[in-house]
Amino acid sequence: MRKKIIFLSFYNLLLFVSILGGESMDILFDKSFYYPNDSINLRLLNLPNETKKIKIVITKGIQTINELSMNISKVDETMQIFLKAPSTVGGYGLDFYVNDDLILSRGFSVLNSWTESPRYGFLTDFGEERINIEKTFDYLAQYHINSLQYYDWMYDYGYLVSKEENYKDAWNRQKNISNSVLKELIREGHKNNIFSMAYVSIYGVERNLGLDNPEWLLYEIKGEHYEPVDFYQKILITNTYQDSGWTKFLIQQCKETLNFGFDGIHLDQYGYPKDYASFYLEDNEYKPYITSKGFKEFINKLKQQTEAPVIFNYVNNWPKEIQSQTKADMIYIEPWESCNTYEDMYKMIKEAKERSKKDVITAAYINPSFEENITLTDAVIAISGGRRLELGEYMLILGGPYFPGDADIVSQDLLNKLRNYYDYQVRYEELFDIPEKEVELKGNNLSLNPKKDSIWYNVKMNSKYVFINLVNFVGTSTNFWRMKTKKPNTINDIEIFIPLNNIKNLYFASADNQLFFSKIDFSETENGLIVKVPTIEYWSTILMELE
């Protein structure tokens, strides 16, 4: 292997060139995010043979904050560039030029902790035969996935950590689970700033263990008798009030899980029993049980006693009234019948974010072959202020609630588009956090609501910027995000009237094919301005810089 080391005087960058494999020009990050002043290791793959000069521009919004360039005397397949991450937390852009031509744009995050901006994925394979771990985490880092739900890793519902090296999970899947592999996954993830959350049922206990502890359980009336509430006849449902014996037991199990190596706890529930629909046992008396109260008390006690990251699953957005009352680090929603349309999705996320003041993750399950649905739904979720759980195991997209069986391989074209979308979200993270503003735009097919045969527009505005997102539903066939839709018709040169004045500059970008903002012309009128948007495939944006 030939190697070449070059020292650059500009910012004292160390540039290391080596020959590895590869096919197309790309830039790869070594971590899902970077700490302030951290070292960034960029891999430049397969520069064009005619490369004479390269330039890397680091931006924050529309402002250039760093720029470096160098002449290339010989092109090798892979180049590694080490540079220093910015000192300020936020989203950043990276634009790469070859011979003064912009070739590729990406985005990256600088955070103090992954919980400041969680981007959630999943793992399901914890056996010795699993796909290469280093390859998996390198793949996830390109999408800025900084945390992972380890689905059904546990030994059983109740006793979580296995005392044996190899074991079957609680549902007796065919694949074995290895404690050594679990620990290697956790350890290797940390190298890429990817953190591991252990899946735990907040109120599910293995049947025999539950029957041995009847005071732990919830009960329902069947005929003239009280019977334990169950889940698929295997698991019994428990009382999670803070003084419950189950709560004390499971929090101790969670502590042992954290001692095993996990970084935090992902709490699941099954959407029932609703408040006052079951009973708990106290002093040999059956009393009406308030499930939402039990959830809140358990979450807060777990957080208090462990100080570790905690996520709780609001199944079908229930019970949403406690979202502002728990100490969980973020809001995780698994939408079902309460959220069917794109408009439902927008409103659900917006309201949860406003209610909780926290980041919102949605486990919105879509058939992995419905690529148009995935693209449109991801755009709606991002603009609404959320993130979607969909990526995890190598090249798989999640399509249903049973993660080991509901994830499928998708096309490279979709994965490329999703990488653009994820880059776009981290690159302009501060713009997406700008509050929404009611501004009525005028133009063909424009709509304030995401619906078929329209262009949905969403306006965010502060004292410096107006950020307008445009999502193209023209030509789609349904308003339902789970139902297969036609691809939207690409719209070119659409003219839009914006009733705002005092605009200094106006910029265009697209999550589909142009991640950087470029200036575009506009004409002013007495009541506002007119702009011609170059193109909208799925998702494009306009940024207005105010005077």
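Residues numbered from 1 in each chain as written. Predicted model: local features only at pLDDT ≥ 70, side-chain atom pairs only at ≥ 80, totals over all residues. Heavy atoms only, no water.

## Quick look at the overall build of the protein chain
What the protein chain contains, in helices and strands, is nine helices and 37 strands. In terms of overall dimensions, the protein chain is globule-like: its C-alpha atoms have a radius of gyration of 25 Å, near the 24 Å expected for 547 residues. C-alpha extents for the protein chain along the principal axes are approximately 80 × 65 × 40 Å. When burial is assessed residue by residue, the protein chain has 60% of its 547 residues classed as buried. The contacts in the protein chain between residues at least 6 apart in sequence include a share of 70% that link residues at least 24 apart. (Helix = DSSP H or I, 4+ residues; strand = E, 2+ residues; numbered from the N terminus. Rg over C-alpha atoms; globule rule 2.2 N^0.38 Å. Buried < 20%, exposed > 50% of the residue type's maximum accessible area, 1.4 Å probe, protein only. Contact = heavy atoms within 4.5 Å.)

## Re the pairing of strand S22 (residues 285–289)
Every other side chain in a regular strand lies on the same face of the sheet, so the side chains alternate between the two faces. With five bridges connecting them, strand S21 (residues 278–282) and S22 associate as antiparallel partners. Bridging from a neighbouring strand, Glu 282 pairs with Glu 285 of S22. Here S21 folds back onto S22, and the loop between the two strands holds two residues, one of which, Asp 283, carries a positive phi near 55°. (Pairing = 2+ DSSP bridges.)

## Topic: the sheet that holds strand S18 (residues 230–231)
Strand order in the open sheet formed by three strands is S15-S19-S18, with antiparallel pairing between adjacent strands. Two strands close off the open sheet at either side, each with one partner strand: strand S15 (204–206) and S18. The pairing of S15 with strand S19 (residues 235–237) spans three bridges and is antiparallel. Among the inter-strand pairings, Glu 206 is bridged to a residue of S19, identified as Ile 235.

## A few points about the packing of aromatic side chains
Scanning all chains against the criterion turns up 50 aromatic pairs. For the pair Tyr 151 and Tyr 402, a centre-to-centre distance of 6.0 Å together with 75° between the ring planes defines the contact as edge-to-face. Within this pair, whereas Tyr 151 is found in the loop between strand S11 (147–150) and strand S12 (166–167), its partner Tyr 402 is found in the loop between strand S27 (396–398) and strand S28 (407–409), the two being separated by 251 residues in sequence. Classification of Tyr 402 by relative accessible area gives partly exposed; the value is 32%. (Phe/Tyr/Trp six-rings, centres within 6.5 Å; stacked < 30°, edge-to-face > 60°.)

## Focus: the nonpolar core
Core analysis: the biggest nonpolar cluster contains 131 residues, and Tyr 150, Trp 153, Leu 267, Phe 517 and Trp 539 have the highest contact counts within it. Among all residues touching Phe 517, those that are not within four sequence positions of it are Ile 62, Tyr 424, Tyr 428, Leu 431, Phe 467, Tyr 507, Phe 508, Ala 509, Thr 541 and Leu 543. (Core = buried A, V, L, I, M, F, W, Y, C linked by side-chain atoms within 4.5 Å.)

## Observations concerning the sheet that holds strand S16 (residues 218–222)
Read across the sheet, four strands follow the order S17-S16-S21-S22 without closing on themselves; strand pairing throughout is antiparallel. Each of the sheet's edge strands pairs with one partner strand only, and the pair in question is strand S17 (225–228) and S22. In this sheet, adjacent strand axes meet at a mean angle of 50° when their direction is disregarded. Bridge analysis of S16 against S17 gives four bridges, and the strand direction is antiparallel. In the sheet register, Glu 220 faces S17, and the bridge partner there is Glu 227. (Axes fitted to C-alpha atoms, helices over the stretch in contact; angles between N-to-C directions.)

## Concerning the pairing of strand S20 (residues 264–268)
Burial of S20 is extensive: five of the five residues sit out of reach of the surface. Side chains Gly 264, His 266 and Asp 268 project from S20 onto one buried face, and the interleaved Ile 265 and Leu 267 project onto a second face that is buried too. Relative to S20, strand S14 (residues 195–201) runs parallel, the two being bridged by five bridges. Paired with Ser 201 across the two strands is Asp 268, which belongs to S20. As judged from the three bridges shared by S20 and strand S23 (residues 310–315), these two strands associate in the parallel manner. From the neighbouring strand, Leu 267 faces S23, where its bridge partner is Phe 312.

## A closer look at the pattern of salt bridges
Under the criterion given, the structure shown has 28 salt bridges. In this structure, the salt-bridge partner of Asp 138 is Arg 43, at a minimum N-O distance of 2.3 Å. Taken together, the residues span a long stretch of sequence, with Asp 138 in helix H1 (residues 133–141) and Arg 43 in strand S4 (residues 39–45) at a distance of 95 residues. In this structure Asp 138 comes out as partly exposed when scored by relative accessible area, which is 23%. Connected via shared salt-bridge partners are Arg 119, Lys 353, Asp 359, Arg 387 and Glu 429. (Salt bridge = Lys/Arg side-chain N within 4 Å of Asp/Glu carboxyl O.)

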